[in-house]
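# Breakdown of the fold
Chain residues, written in single-letter form:
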Amino acid sequence: MSETMSNTTQPIVRMQQLNKHFGSLHVLNDIDLTIVPGEVVVIIGASGSGKSTLIRCINGLEEFQSGSLVVDSNELLPHGKSTKALQTIRTEVGMVFQQFNLFPHLSVIDNVTLAPMKVRGLSRDDAVSNAKRLLDRVGIADQADKYPSQLSGGQQQRVALARALAMEPRLMLFDEPTSALDPEMIGEVLDAMRELAKEGMTMVIVTHEMGFAREVADRVIFIHKGEITEQGHPEKLFDSPQHERTQSFLARVL
Ligand code: ADP
Ligand code: MG
């Protein structure tokens, strides 16, 4: 965790009593979650427990019905009533999905330069030199002129990471970034994420990679049926979970 943690830095995410329903399904139940700059938070829990919905609320991809949510000083209101904040948040929060979601008709370099040019107004030269630096950082500088379909899954996911970083996000969200990858490609994506964590990026990561979580997380949150059941430092949560539900989940996945 970065040294900013200990002083009076504003949290980058402050979620209070957040509730989310899909029709009659109560998917998130009174969630309180505060994340400070530089913190790496890993979210674990069974399939269908609400992990994706929770992180999708943070960048406004999902509306919520009640509670409060402030992301980097932008307040998101219930029922999506915060158009201005939503636009700002979308440019400040990067997201990497399980399915890489690259633009298939654009080359790698064009995938990475598109948003900085369109949304941030960068010149093509600046966007390209930035993109090259980022592609180099995730170890795929030599793939810049290829198309997504010509790359392995691990390479595509690293392009997706570079593309998100090109917007200079204040916060990065990851939703099972390695779940769609062949086993031999998981390591290269986790390595890139590990580097990012070391550099002090604030990250919220949904993953089933428990070894990775133990190594990089400042805090692990276990969510069960839309509620935060237990959270803590990875060593504590993994080695001595307090709640019976956490224990039985970990017994199944570890
Ligand atoms: P997780 O990511 O932990 O697997 P999700 O957040 O995707 O869980 O889903 C939580 C619950 O919400 C599940 O019961 C899921 O079926 C439901 N759900 C997710 N998205 C939608 C949607 N767009 N419409 C209706 N129900 C949904
Ligand atoms: Mg999910």
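My aim in this report is to walk through the structure given alongside it, one point at a time. Fair warning: this is a prediction, and the values are worked out from it, not measured in the lab.

Secondary-structure assignment places T202 in the loop between α6 (183-198) and β8 (203-206). Given the relative accessible area of 4%, T202 is considered buried. Not counting chain neighbours up to four residues away, the residues in contact with T202 comprise I12, I35, V36, P37, G38, E39, R170, L171 and M172.

Another point: unusual backbone geometry. The backbone of N101 shows a phi angle near 60 degrees, a positive value even though the residue is not glycine. Note that N101 resides in the loop between β6 (93-96) and α3 (108-118). Of note in this structure, K225 is not a glycine but carries a positive phi near 45 degrees. Following the sequence through the fold, K225 ends up in the loop between β9 (219-224) and β10 (227-232).

Helix α5 (residues 153-165) packs onto α3 with a crossing angle of 25 degrees between their chain directions and a minimal axis gap of 8 Å. In terms of orientation, α3 and α5 fall into the roughly parallel class. Regarding α3 and α5, the two cross each other, and that crossing is right-handed. Residue-level contacts link V108, N111 and V112 of α3 to V159, A162 and R163 of α5. Residue composition of the contact of α3 with α5, by class: four nonpolar, one polar and one charged.

Thresholds, definitions, all that
- Residues numbered from 1 in each chain as written.
- Chains lettered and ligands numbered in written order.
- Predicted model: local features only at pLDDT ≥ 70, side-chain atom pairs only at ≥ 80, totals over all residues.
- Heavy atoms only, no water.
- Helix = DSSP H or I, 4+ residues; strand = E, 2+ residues; numbered from the N terminus.
- Buried < 20%, exposed > 50% of the residue type's maximum accessible area, 1.4 Å probe, protein only.
- Contact = heavy atoms within 4.5 Å.
- Axes fitted to C-alpha atoms, helices over the stretch in contact; angles between N-to-C directions.
- Parallel < 35°, antiparallel > 145°, perpendicular 65-115°, else oblique.
- Left-handed = near helix turned anticlockwise from the far one by under 90°.
- Nonpolar A, V, L, I, M, F, W, Y, C, P; charged D, E, K, R; others polar.

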